[in-house]
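Structural description and commentary
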Amino acid sequence: MFSNAEIGIDLGTANILIYSKSKGIVLNEPSVVAIDINTKQVVAVGADAKEMIGKTPKNIVPIRPLRDGVIADYDVTAQMLKALLKKVSKKAGISTRKPTVVVCTPSGSTSVERRAIHNAVTSYGAKNVHLIEEPVAAAIGADLPVDEPTANVVVDIGGGTSEVGIISFGGVVACNSVRVAGDSLDDEIIQYVRKQYNVLIGEHTAEQIKMEIAYAHPKHEEMTMDIRGRDMVTGLPKTIEITSMEIYHAIKESLEQILDTIRATLEECPPELSGDIVDRGIVLTGGGALLNGMKDWIADKINVPVHMAPNPLESVAIGTGRALKMITKLQKAAK
């Protein structure tokens, strides 16, 4: 055991990932906390709490304390971090006493939101806390040469926000963030089923639909899926069949917003770096990058090569951890 552990935290809206310098990714759990509202005690965190969504008695409420990539409920986030770091300490045998921590923040977050993230980690007892912008962390985790004078374009589609960043010389040259991502797609699916079929479905079902039959590209082999929900007229359980084309139309508007953000960022790129983008293209990271047909759809729309990061779901966490080595260099570039 060493007294000053070095860890990286990807404080995501959908999932929290913790990276240890010595062991790599040591935790990947949903950002959910179940709280007993009578006693204000934390009942479960992570995967155990996510299982409870929509299935708990009235006194136990599953909460997602992070919304749109930033802290929505400060106290619950601090409790969740504490519980998850304890879990890491037990499971991976890593000392989390007075660690040096690097946490990623959305590029569009305000100084107040950054301060909340900083304080939540400090309250656990971290010795030093460094904040790094999400596109930079994603680029490092996707093995891009961020400290070279070439344009590295990263599109990180997470749970709460989609971040597009152009990185060169270890700093952000241009970047835009939109609060449209995986959660927005789930909401669009829930609203569509409700309007079209008068059936209420939960977040978990919407996420399953998105993962199995949602397509970003209109040209695809149509698929169908049986889903269960509650009939809004009779109040009874009901099974309906839904097609991938219907889901494409339901999420199309949100996907267009992400595309507009990519275009806006590319338009801000200095001319000297534009040539690099034509040659090297852009790299997709985050859970949203795994949506069926996403890579081909973006490539068709912006006419530059589109690549998938080696490990899209873990890119930001890996980059956050690796940034421990280069934090001083990155901070100098940011000044």
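Per an unreviewed UniProt entry, the protein chain carries the name Cell shape-determining protein MreB and comes from Oceanobacillus halophilus. Here the protein chain is described in UniProt, under the heading Sequence similarities (unreviewed entry), as follows: "Belongs to the FtsA/MreB family." Taken verbatim from the UniProt record of the protein chain, the Subcellular location (unreviewed entry) comment is "Cytoplasm".

Running from N to C, helix H5 (residues 182-197) and helix H7 (residues 244-267) cross one another at 135°; their axes reach a closest spacing of 9 Å. In terms of their interaxial angle, H5 and H7 are classed as oblique. Handedness of the H5/H7 crossing: right-handed. Residue-level contacts link Ser184, Leu185, Glu188, Ile189, Tyr192, Gln196 and Tyr197 of H5 to Glu246, Ile247, Ala250, Ile251, Ser254 and Leu255 of H7.

Rolled over the atoms, a probe as big as a water molecule pinpoints where empty space is left. Put simply, the largest pocket is a space of about 1300 Å³. In this structure, the largest pocket is lined by 45 residues; those nearest its centre are Ala14, Asn15, Lys50, Glu207 and Lys210. Mapped by element, the contributors of at least two residues to the lining of the largest pocket are strand E1 (6-11), strand E2 (15-20), strand E3 (24-30), helix H1 (47-51), H5 and helix H6 (203-213). For the lining of the largest pocket, the element with the highest residue contribution is H6, accounting for 6 residues. Of the residues in the lining of the largest pocket, the class split is 14 nonpolar, 19 polar and 12 charged.

As a further point, take the domain arrangement of the protein chain. Each assigned domain of the protein chain is listed here: domain 1 (6-137 + 315-334), domain 2 (143-180 + 253-309) and domain 3 (183-250). A C-alpha centroid distance of 31 Å is found between domain 1 and domain 3.

For the rest of this paragraph, the subject is unusual backbone geometry. Positive phi is not limited to glycine here, since Lys40 has a value of about 65°. In this fold, Lys40 is placed in the loop between strand E4 (33-36) and strand E5 (41-45). Positive phi is not limited to glycine here, since Asp143 has a value of about 65°. Looking at where Asp143 falls in the secondary structure, it is placed in the loop between helix H4 (134-141) and strand E11 (152-157).

What follows is about the side chain of Lys210. Considering the arrangement of structural elements, one finds Lys210 in helix H6. Of the residues examined, Lys210 reaches a relative accessible area of 15% and is grouped as buried. Dropping the residues within four chain positions of it, Lys210 is found in contact with Gly182, Leu185, Asp186, Ile189 and Leu291.

Here is what the cut-offs are and how they apply
- Residues numbered from 1 in each chain as written.
- Predicted model: local features only at pLDDT ≥ 70, side-chain atom pairs only at ≥ 80, totals over all residues.
- Heavy atoms only, no water.
- UniProt positions renumbered as here; feature names shortened; annotations may be inferred.
- Axes fitted to C-alpha atoms, helices over the stretch in contact; angles between N-to-C directions.
- Helix = DSSP H or I, 4+ residues; strand = E, 2+ residues; numbered from the N terminus.
- Parallel < 35°, antiparallel > 145°, perpendicular 65-115°, else oblique.
- Left-handed = near helix turned anticlockwise from the far one by under 90°.
- Contact = heavy atoms within 4.5 Å.
- 1 Å grid on protein atoms, 1.4 Å probe; cavity = no way out; pocket = protein on both sides within 12 Å on 5 of 7 lines; lining within 4 Å.
- Points joined across faces, edges and corners; volume = space filled by probe spheres on them.
- Nonpolar A, V, L, I, M, F, W, Y, C, P; charged D, E, K, R; others polar.
- Domains from an automatic or database assignment.
- Buried < 20%, exposed > 50% of the residue type's maximum accessible area, 1.4 Å probe, protein only.

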